[in-house]
Amino acid sequence: MSATSMSRLVALGAVAALALSACASNTDSSSSSSGSKELIISTDLPLQGSSATQSGDTNKLIQLYLDQIGGKVGDYTVKLKTYDNSTAAKGAWDDAACAKNATDHVADAAEVAVMGTFNSGCAKIEVPTLNQDSTGPLLMVSHAATNPGLTKEWETGEPAKYYPTGNRNFARVVTTDDYQGNAAAAYAKGDLQVTKCYVLNDNQTYGLGVAKAFATAAAKEGIEVVGEAAWDAKQPNYTALFQTVKASGADCVYLGGIYDNNGGQLIKDKVAVLGDNAGVKLMAPDGFTGYADLLALPESEGMYLSFAGLTTDQLTAAGGPAAKLIDAFTQKYGQAPSGSYPLYGVAATQVILAAIEKSDGTRKGVNDAIFSGEGVTIPAADSVTGKEIKIDPKTGDTDARDVTIELVTGGKETFAKAQSVEG
């Protein structure tokens, strides 16, 4: 808060408590008994539709982590508040919900950072509003928004148009879709030996970006991109679309987008027209990972998925903080969290908490901790990713470029290959 002292924040505590009581989950904004200054961090995730389970588990895992550290970092007591950026009608993230959340984040004086969003399109709506907060900018750290344009040149005007003040306020703990596209294309060529690929997208920000990245990288790998098209999430079936794909002679189909956009029907119709995935290979990015509904489809057997990071299975097998946290979650809830993004949600939270500890407790101070000086680094010994997390203060990107390829088999996402992609 560039013009607001912490004393003013404390004075507003009672008012903030009333505002928060109606919408915060497991949050009490009154002053703590220890006398430490109380701050709010929030999550901004799609809690309805196909993403609901994975997003809900992300919230639970973050809260569990905060409980384990006693809700304390440095001189501050930290409480969690959750926001839903989806609608029941859409069953996925929604433009209007994201826009409203952005204004609500800014309006809550106790809130100093946002963990999210899950979807890149939602981040592109929210970041400019958070950026223009008069007491900020208000920091957002994402565990999953991988579109390159949020942090570097990609489409026209990116990334500058998301930062109208000229100051950055978006960071992330996963790599970007240009690297994910490179890894998927390299695997398609080197491991699957495909020669012709048809690239589809869901006509949304993330899907267009990751499809573009894959198509560009595939061509460089010597794979012929025999066609590119968008699928309409509102269509009852995609038989005609896959008849076109069949006529192209493709031995690979890449689905650039999110499972929420009628991905189940898309997968069913691919197999119905082109045969099972042992023949014409089916590949998709991390927008299709972590969905129980996808894994329940017989037609998903043999599908390849890329994930912009290391999977929960990989991280827990290595022991350390990840294994301990997942064990505690499993003991409390009877099963491990869905998908691999919940652990990266905790990783993003670790970055936020480190920024809070370095700050004066204001929005501006928290954001400056990320985007000035040496930025923020989480040592490997403490990181739930098992690796050092270093955020570049110039861009907000992490220097970790791990991409995992998974194979869907037996109703599970199973490890196929992990590779670090060169810049």
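Scroll up a little and you will see the structure.
First, a word on scope: everything that follows refers to the structure included in this document. Here the structure is a predicted model, which is why all the values come from computation and not from measurement. (Residues numbered from 1 in each chain as written. Predicted model: local features only at pLDDT ≥ 70, side-chain atom pairs only at ≥ 80, totals over all residues. Heavy atoms only, no water.)

1. As for the packing of aromatic side chains
At step 1: Taken as a whole and assessed by the stated rule, the structure comprises nine aromatic pairs.
At step 2: Taken together, F118, F307, Y341 and Y344 form an aromatic cluster joined through their ring pairs.
At step 3: K90 extends its terminal NZ or CZ atom over the ring of W93, reaching a point 5.1 Å from the ring centre.
At step 4: The positively charged end of K212 is found above the aromatic ring belonging to W154, 4.2 Å away from the centroid. (Phe/Tyr/Trp six-rings, centres within 6.5 Å; stacked < 30°, edge-to-face > 60°. Lys NZ or Arg CZ within 6 Å of the ring centre and 35° of its normal.)

2. Things to note about the state of the cysteines
At step 1: This model, assessed by the stated rule, comprises two disulfides.
At step 2: A sulfur-sulfur separation of 2.0 Å characterises the disulfide bridge that pairs C98 with C122. Between C98 and C122, the S-S dihedral sits near -120°, and the bridge is therefore left-handed. Pair noted here: C98 is in helix 4 (residues 95–107) and C122 is in helix 5 (residues 120–131), with a separation of 24 residues, a long-range link.
At step 3: For C122, a relative accessible area of 0% puts it in the buried group.
At step 4: One disulfide bridge connects C197 with C252, the sulfur atoms lying 2.4 Å from each other. Note on the C197 and C252 pair: the S-S dihedral is about -40°, so by sign convention the disulfide is left-handed. Of this pair, C197 sits in strand 9 (residues 196–201) while C252 sits in strand 11 (residues 252–256), and the two are 55 residues apart along the sequence. Across the pair, exposure class does not vary: C197 and C252 are buried alike. (Disulfide = S-S within 2.5 Å. Helix = DSSP H or I, 4+ residues; strand = E, 2+ residues; numbered from the N terminus. Buried < 20%, exposed > 50% of the residue type's maximum accessible area, 1.4 Å probe, protein only.)

3. Looking at the pattern of salt bridges
At step 1: In the structure shown here, the tally under the stated rule is 11 salt bridges.
At step 2: Note that E158 is salt-bridged to K124, the shortest N-O span being 2.7 Å. Residue E158 is found in the loop between strand 7 (139–142) and strand 8 (170–172), and its partner K124 is found in helix 5; the two are separated by 34 residues along the sequence. Grouping residues by exposure puts E158 and K124 together as buried.
At step 3: K212 is the partner of E155 in a salt bridge, and the nearest nitrogen-oxygen pair spans 3.6 Å. (Salt bridge = Lys/Arg side-chain N within 4 Å of Asp/Glu carboxyl O.)

4. Some remarks on the nonpolar core
At step 1: Counting residues in hydrophobic clusters, the biggest one holds 77 residues, and the most contacted among them are L255, F288, M303 and I356.
At step 2: Looking at this core, the element that brings in the most residues is helix 13 (residues 341–358), giving 12 residues.
At step 3: Setting aside residues no more than four positions away along its own chain, M303 makes contact with L255, I267, N277, L282, A284, F288, L294, E406, L407 and V408.
At step 4: Counting residues in each nonpolar core, the second largest holds 25 residues, with V199, Y206, F214 and Y304 among its members. (Core = buried A, V, L, I, M, F, W, Y, C linked by side-chain atoms within 4.5 Å. Contact = heavy atoms within 4.5 Å.)

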